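# Understanding the architecture of this molecule
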Amino acid sequence: MQQKHIAIIGAGPGGLSSAIILANRGFKVSVYEKESEAGGRNAPLRIGDYTFDTGPTFLMMTFILEEIFLLAGKKMSDYLNVTKIDPMYRLVFDDKTFMPTNDKQMMENQINAVFPGNKKGYKNFLKREENKFKKMYPCLKIDYSSIFKFLHPNLLKALPVMDLGKTLYGNLARYFSDEKLILSFTFQSKYLGMSAWECPAAFTMIPFVEHNYGIYHVNGGLHKISSAMQKILEEKNGKIYFNTKVKSLILDGKKTKGIELENGEKIYADEVIINADFAHAMSNLVHEGALKKYSNKNLKSKKYSCSTFMMYLAVDKKYDMPHHNIFFAKDYKTNIENIFNNGKLTDEMSFYIQNASITDSSLAPDGCSAVYILVPVPNNSFGIDWSKNKDIYREKVLKELEKRTELKDIRQHIKAEKIITPSDWESNYAVYYGATFNLGHNLGQMLFFRPHNKFEELENTYLVGGGTHPGSGLPTIYESGRIASNMISKKYGIKFEDVNL
């Protein structure tokens, strides 16, 4: 049989996962990447001798990543040096600090000390949510390519424990009586770009996964995962074409025949995998009128995640603060309302600081730090003018850092910096509405109701990344790459054994 050609648009985590699996199964794999480096939002961001992760900084469910490497015929440990972070992160409220850990006894003792009377709730949380996770996790692996897959036995088994109709916040409130303890288990909805008061209760699996399996850092930065996958792809004779922007899909009716590059070159392929921001891809790579379900008009009506205001600070000082830090606004619920529903920038904010240099000395020169700051903000559908607000908001963030964190003298130690606003996410990183975490994960946009990995509207077309099933976040994006690869392999009768650690 002639070697089948798979063209992949984008060398992000999902595209790379598919690429290495398919290359290992004998397909000819060509990846087209508009940037000069692999990774997409998982690419490195460099300022002189300082290195940052552009986007994701938390690595969970490392067993999924290990499985992807094994499906490519490789061992993760031969390519990556992974360190467990414990305590996982520091959570800072206006009147207390909490340091969640994977040590169950230490966690119970700390809850007793900081949130008296909630220890039993923690035990109940672990027990009940473990049952939910065991039943829901197999649902993330279903491809949902037809209504029959929607009625898959795994999903039917999971439905009774999914707490349909409940929110993440409402579900956690059954375990804990203290609001700040509830928030300590619900802030993870940020990974989905959603409010904890709107996020479906099914996603309680995220804090459970953190508490049960831990959070990890890859030495050198999480972008090293994409670099490792690039290396594997090259070892498997796959090819990445950098600085190569795709202009459009080549369509013959509803069949995708290949891709046209911005320089006019046409690349024909048996299958095309799209690893680009979903809504941006549908509104830019396909001519108007070719799609119905995901027409430009319908895309605008979808629910999207929040955006983020990012500051990457090259600092000539080492700060004694944990690797991961989340600072909550005093009135957290109003802060969340303003981000997701009111579209307002307010003085009081919640924010995340990664001080990775405390763990990983390779990211900055001796005695220095690569400080990463993320502030959730409204996406661009609310029309905030970031050309006017960028400097004003930078000043507000710095004041909050000086007032609420160990970074009291941060201004005098900043040697260089980069800021990414929601406007930059949209214009420079091709993210629809600057919605950093992609399509929202409400009930109408998850599982079967999320864009399918085998794209519903075009033949020979597959989707990977945060805008398709199973959703945003590195582990689920890797899973999307596996699902697409398995579907393509089955189509061409390629026998394979899946890996489940």
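Each remark here, short or long, concerns the structure printed above.
Okay, so let's go over this structure.

### Points about the overall build of the protein
Counting its secondary structure elements, the protein contains 17 helices and 19 strands. By the compact-globule yardstick of 23 Å for 501 residues, the protein fits well, its C-alpha radius of gyration being 22 Å. When its C-alpha atoms are laid out on the principal axes, the protein stretches across 65 × 50 × 45 Å. Considering the protein as a whole, with its 501 residues, one finds that 60% of them fall into the buried category. Carbon and sulfur atoms form 49% of the exposed surface of the protein, whose accessible area is close to 19600 Å². When the 65 positive and 55 negative side-chain charges of the protein are each reduced to one mean point, those points stand 5 Å apart.

### Some remarks on the sheet that holds strand β11 (residues 255-261)
With antiparallel pairing, three strands are arranged side by side in an open sheet as β10-β11-β12. The sheet is open, and its two borders are formed by β10 (246-252) and β12 (266-268), each paired with just one other strand. On average, each strand axis in the sheet is tilted by 30 degrees relative to the strand beside it, whichever way the strands run.

### Remarks on helix α4 (residues 119-136)
Taking 1.5 Å of rise per residue, 18 residues should cover 26 Å, and α4 covers 25 Å from first to last C-alpha, within 8% of that figure. Among the residues of α4, Gly121, Tyr122, Phe125, Leu126, Glu129, Lys132, Phe133 and Met136 are the ones counted as buried. For α4, the secondary structure elements touched by its buried residues are α2 (62-71), α3 (104-114), α6 (153-158), α7 (168-172), α8 (179-186) and α9 (205-213).

### Things to note about the pattern of salt bridges
Under the defined criterion, the tally for this structure stands at 27 salt bridges. Between aspartate 409 and lysine 317 there is a salt bridge, with the nearest N and O atoms lying 2.7 Å from each other. On the criterion of sequence distance, the pair formed by aspartate 409 in the loop between α14 (386-404) and α15 (410-413) and lysine 317 in the loop between β14 (307-315) and β15 (324-327) is long-range, its members being 92 residues apart. Residue classification places aspartate 409 among the buried residues on the basis of a relative accessible area of 18%. Note that arginine 411 is salt-bridged to glutamate 395, the shortest N-O span being 2.9 Å. Of this pair, arginine 411 sits in helix α15 while glutamate 395 sits in helix α14; the two residues are 16 residues apart in sequence, bridging distant segments of the chain. Salt bridges linked by common partners bring Glu67, Lys141, Glu479, Arg482 and Asp498 together as one network.

### Notes on a nonpolar patch on the surface
The grouping of Ile147, Phe148, Leu151, Leu156, Leu159, Leu164 and Leu443 at the surface amounts to a nonpolar patch, some 690 Å² of accessible area in total. Note that leucine 443 resides in the loop between α16 (422-429) and β19 (461-463).

### So, α14
Within α14, the axis deviates most sharply at isoleucine 392, by approximately 25 degrees. Listed as buried for α14 are Trp386, Tyr393, Val397, Leu398, Glu400 and Leu401. Looking at the buried positions of α14, the neighbouring elements they touch are β14, β16 (351-354), β17 (369-377), α15, β18 (414-420) and α16.

### Digging into the sheet that holds strand β13 (residues 271-274)
Backbone-to-backbone hydrogen bonds pair the strands of a sheet. The strands run either parallel or antiparallel. Spatially, β9-β2-β1-β13-β19 is the arrangement adopted by the five strands of the open sheet, whose pairing is parallel. The two strands at the open ends of the sheet, each matched to only one other strand, are β9 (239-241) and β19. Pairs of neighbouring strands in the sheet enclose a mean axial angle of 20 degrees, with direction left out of account. Along the sheet, helix α17 (residues 474-491) makes contact with β1 (5-9), β13 and β19, crossing β19 at roughly 155 degrees.

### Things to note about the side chain of glutamine 354
Following the sequence through the fold, glutamine 354 ends up in strand β16. You can call glutamine 354 buried: its relative accessible area is 4%. Side chain to side chain, glutamine 354 and histidine 323 meet in a polar contact 3.4 Å long. Contact partners of glutamine 354, with chain neighbours within four places excluded, come to Thr57, His323, His324, Ala370, Val371 and Tyr372.

### Focus on the environment of histidine 5
Within the secondary structure layout, histidine 5 lies in strand β1. Note: C-alpha distance between histidine 5 and glycine 26 (21 residues apart in sequence) is 9.8 Å. Among the polar contacts listed, one links the side chain of histidine 5 to the backbone oxygen of tyrosine 268, at a separation of 3.0 Å.

### Section: the environment of asparagine 237
Relative to the elements of secondary structure, asparagine 237 occurs in the loop between α10 (223-235) and β9. The exposure class assigned to asparagine 237 is exposed, which follows from its relative accessible area of 72%.

### Section: the environment of isoleucine 483
The topology assignment puts isoleucine 483 in helix α17. On a C-alpha basis, the gap between isoleucine 483 and serine 18 in space is 8.4 Å, while along the polypeptide they are 465 residues apart. Non-local contacts of isoleucine 483, meaning those with residues more than four positions away in its chain, are made with Leu140, Lys141, Ile142, Asp143, Asn453, His469 and Pro470.

### Let's talk about unusual backbone geometry
Looking along the chain, the bond that leaves aspartate 86 and enters proline 87 is cis, with omega of 0 degrees. A positive phi angle is found at tyrosine 144, which is not glycine, with a value near 50 degrees. Its location among the elements puts tyrosine 144 in the loop between α4 and α5 (147-150). Judged by relative accessible area, which is 0%, tyrosine 144 ranks as buried. Although it is not a glycine, asparagine 237 adopts a positive phi angle of roughly 70 degrees.

### Let's talk about the packing of helix α1 (residues 13-24) against α17
The N-to-C vectors of α1 and α17 enclose an angle of 40 degrees; their axes lie 8 Å apart at closest approach. Taken together, the axis directions place α1 and α17 in an arrangement best described as oblique. When the axes of α1 and α17 are compared, the crossing they make is right-handed. Where α1 approaches α17, its residues Pro13, Gly14, Ser17, Ser18, Ile21 and Leu22 are matched on the opposing element by Leu474, Ile477, Tyr478, Ser480, Gly481, Arg482, Ala484, Ser485, Ile488 and Ser489. Here the residues of the contact of α1 with α17 sort into eight nonpolar, seven polar and one charged.

How each quantity is defined
Residues numbered from 1 in each chain as written. Predicted model: local features only at pLDDT ≥ 70, side-chain atom pairs only at ≥ 80, totals over all residues. Heavy atoms only, no water. Helix = DSSP H or I, 4+ residues; strand = E, 2+ residues; numbered from the N terminus. Rg over C-alpha atoms; globule rule 2.2 N^0.38 Å. Buried < 20%, exposed > 50% of the residue type's maximum accessible area, 1.4 Å probe, protein only. Areas by Shrake-Rupley, 256 points an atom, 1.4 Å probe, with all protein chains shown as cover. Lys, Arg positive; Asp, Glu negative; His and termini not counted. Charge placed at Lys NZ, Arg CZ, Asp CG, Glu CD. Pairing = 2+ DSSP bridges. Axes fitted to C-alpha atoms, helices over the stretch in contact; angles between N-to-C directions. Expected span 1.5 Å × (residues − 1). Contact = heavy atoms within 4.5 Å. Salt bridge = Lys/Arg side-chain N within 4 Å of Asp/Glu carboxyl O. Patch = residues over 30% accessible without salt bridge, like charges linked within 9 Å, V, L, I, M, F, W, Y side chains within 5 Å. Bend = angle between axes of the 7 residues up to and from the residue. Polar contact = N/O pair within 3.5 Å; in protein donor to acceptor, adjacent residues only side chain to side chain. Parallel < 35°, antiparallel > 145°, perpendicular 65-115°, else oblique. Left-handed = near helix turned anticlockwise from the far one by under 90°. Nonpolar A, V, L, I, M, F, W, Y, C, P; charged D, E, K, R; others polar.

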